[in-house]
Amino acid sequence: MSTPPVTTPAATPGLALDTLSVTPDVLEVEARKHRLRRGIRSRRLDRDTGSARAVDTAVARVLTGCPLLAGVHRVACYTSRPGEPGTRELLAELERHEVDVLLPVLLPDGDLDWELDRHPGPLGPDAIAAVDLVIVPALAVDTAGRRLGQGGGSYDRALGRVPARVPVLAVVHDDELFDAAVTPLPTLPHDRPVQAVATPSRWLWLAA
Ligand SMILES: Nc1nc2c(c(=O)[nH]1)N(C=O)[C@@H](CNc1ccc(C(=O)N[C@@H](CCC(=O)O)C(=O)O)cc1)CN2
Ligand SMILES: Nc1ncnc2c1ncn2[C@@H]1O[C@H](COP(=O)(O)OP(=O)(O)OP(=O)(O)O)[C@@H](O)[C@H]1O
């Protein structure tokens, strides 16, 4: 698969461009995040089943070839929902390699508990502190490591428990990786950065 450029305004005609700059005003940043989420969710709804399957396969291929997964024993990942870049084949591949996989369980207060995919049962929110790699969902990521999530703040809370030496990698579609020099994602102080990103065509270290 060829490597597309990171997304720039010209490449994102479906998105409102005024959602992409950062201002110090919290309400304004929240509003920009909201509009950006709406645009990306609507683009995700337009993806057909065939391309979603191809994305799932491609993400597994990119990540199994990624050095961040070499030698890992325990990984936190997510079970993809419709519209998200798929993790079905990646999870199967991790299972084949006998990697312990922690999956998130949403708690009533919006925080995340964790359970092993092969031995369900709550391990507690701190279980994420004991993994070798965290693979997180995102609606968008920029090349400086800023991440836009679904808006619950769940991963921001969970990532606060991850030691600094543990890399955090987000998975997005190619057109959801933005060039930070052109279109930085809006963030607030609680937002946790990611150190790497995977798309169906490649993975990258980010300048977080
Ligand atoms: N696969 C997956 N699992 C996850 C998350 C995630 O983003 N993706 N989470 C991340 O924190 C937590 C659960 N929180 C979530 C919050 C919202 C939506 C969601 O699907 N939202 C709707 C839009 C809702 C709206 O319009 O307000 C959507 O995407 O269509 C999913 C998960 C933990 N598990
Ligand atoms: N560490 C935290 N503790 C408590 N609340 C938090 C924390 N981090 C974020 N929040 C709250 O969660 C809400 C949503 O945050 P934000 O819009 O950044 O979510 P997100 O990063 O898109 O979602 P997610 O992390 O679930 O993918 C905000 O109101 C924020 O104040």
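Residues numbered from 1 in each chain as written. Chains lettered and ligands numbered in written order. Predicted model: local features only at pLDDT ≥ 70, side-chain atom pairs only at ≥ 80, totals over all residues. Heavy atoms only, no water.

A. Examining the pairing of strand S4 (residues 133-137) more closely. Among the five residues that make up S4, five are buried, leaving the element largely enclosed by the rest of the structure. Relative to S4, strand S1 (residues 74-76) runs parallel, the two being bridged by two bridges. What sits directly across from Ala76, in S4, is Val134. The sheet contact formed by S4 and strand S7 (residues 168-171) spans four bridges and is parallel. (Buried < 20%, exposed > 50% of the residue type's maximum accessible area, 1.4 Å probe, protein only. Helix = DSSP H or I, 4+ residues; strand = E, 2+ residues; numbered from the N terminus. Pairing = 2+ DSSP bridges.)

B. Geometry of the layout of surface pockets. Computed from the structure, the largest pocket encloses a volume of approximately 620 Å³. If you trace the largest pocket, you find 28 residues lining it, with Leu112, Pro137, Gln150, Ser154 and Tyr155 closest to the centre. Elements represented by at least two residues in the lining of the largest pocket include exactly helix H1 (26-45), strand S2 (100-106), strand S3 (112-116), strand S6 (147-148) and helix H4 (154-159). By residue number, the principal contributor to the lining of the largest pocket is S2, which donates four residues. For the lining of the largest pocket, the per-class residue count stands at eleven nonpolar, eight polar and nine charged. (1 Å grid on protein atoms, 1.4 Å probe; cavity = no way out; pocket = protein on both sides within 12 Å on 5 of 7 lines; lining within 4 Å. Points joined across faces, edges and corners; volume = space filled by probe spheres on them. Nonpolar A, V, L, I, M, F, W, Y, C, P; charged D, E, K, R; others polar.)

C. Seen up close, the UniProt feature "binding site: substrate" (unreviewed entry) in the chain. The sites that UniProt annotates as "binding site: substrate" (unreviewed entry) are Glu84. Tracing the backbone through its elements, the reader meets Glu84 in the loop between S1 and helix H3 (88-96). On the accessibility criterion, Glu84 (13% relative accessible area) is buried. Look past the residues within four positions of Glu84 in its chain and what remains in contact with it is Arg44, Tyr78, Thr79, Pro137, Gln150 and His173. (UniProt positions renumbered as here; feature names shortened; annotations may be inferred. Contact = heavy atoms within 4.5 Å.)

D. Main features of the nonpolar core. Of all hydrophobic cores here, the largest spans 49 residues; its most connected members are Leu63, Trp114, Val134, Ile135, Val141 and Leu169. Not counting chain neighbours up to four residues away, the residues in contact with Val141 comprise Arg146, Arg147, Ala170, Val172, Glu176, Leu177, Phe178, Leu185, Val194, Val197 and Leu206. Within the second largest apolar cluster, seven residues are counted, among which are Leu36, Leu139, Ala140 and Phe178. (Core = buried A, V, L, I, M, F, W, Y, C linked by side-chain atoms within 4.5 Å.)

E. Broad picture of the packing of aromatic side chains. Tallied over the full model, the rule gives two aromatic pairs. Measuring from ring centre to ring centre gives 6.3 Å for Trp114 and Tyr155, while their planes differ by 70 degrees; the resulting arrangement is edge-to-face. Of this pair, Trp114 sits in strand S3 while Tyr155 sits in helix H4, placing them 41 residues apart in sequence. Tyr155 carries the same exposure label as Trp114, and that label is buried. Summarising the aromatic geometry, the rings of Trp203 and Trp205 are spaced 6.1 Å apart at their centres and angled 75 degrees between planes, so their arrangement reads as edge-to-face. (Phe/Tyr/Trp six-rings, centres within 6.5 Å; stacked < 30°, edge-to-face > 60°.)

F. Up close: the site of ligand 2. Taken together, 14 residues surround ligand 2, and among them Arg37, Arg147, Asp156, His190 and Asp191 come closest. Interatomic distance of 2.8 Å between a backbone N/O atom of Ser154 and an oxygen atom of ligand 2. Tyr155 places a polar main-chain atom, nitrogen or oxygen, 3.0 Å from an oxygen atom of ligand 2. Mapped onto the shell around ligand 2, the elements with two or more residues apiece are H1 and H4. If one sorts the elements of the shell around ligand 2 by residue count, H4 sits on top with four residues. Its residues assigned to classes, the shell around ligand 2 comprises one nonpolar, seven polar and six charged. (Near = heavy atom within 4 Å. Polar contact = N/O pair within 3.5 Å; in protein donor to acceptor, adjacent residues only side chain to side chain.)

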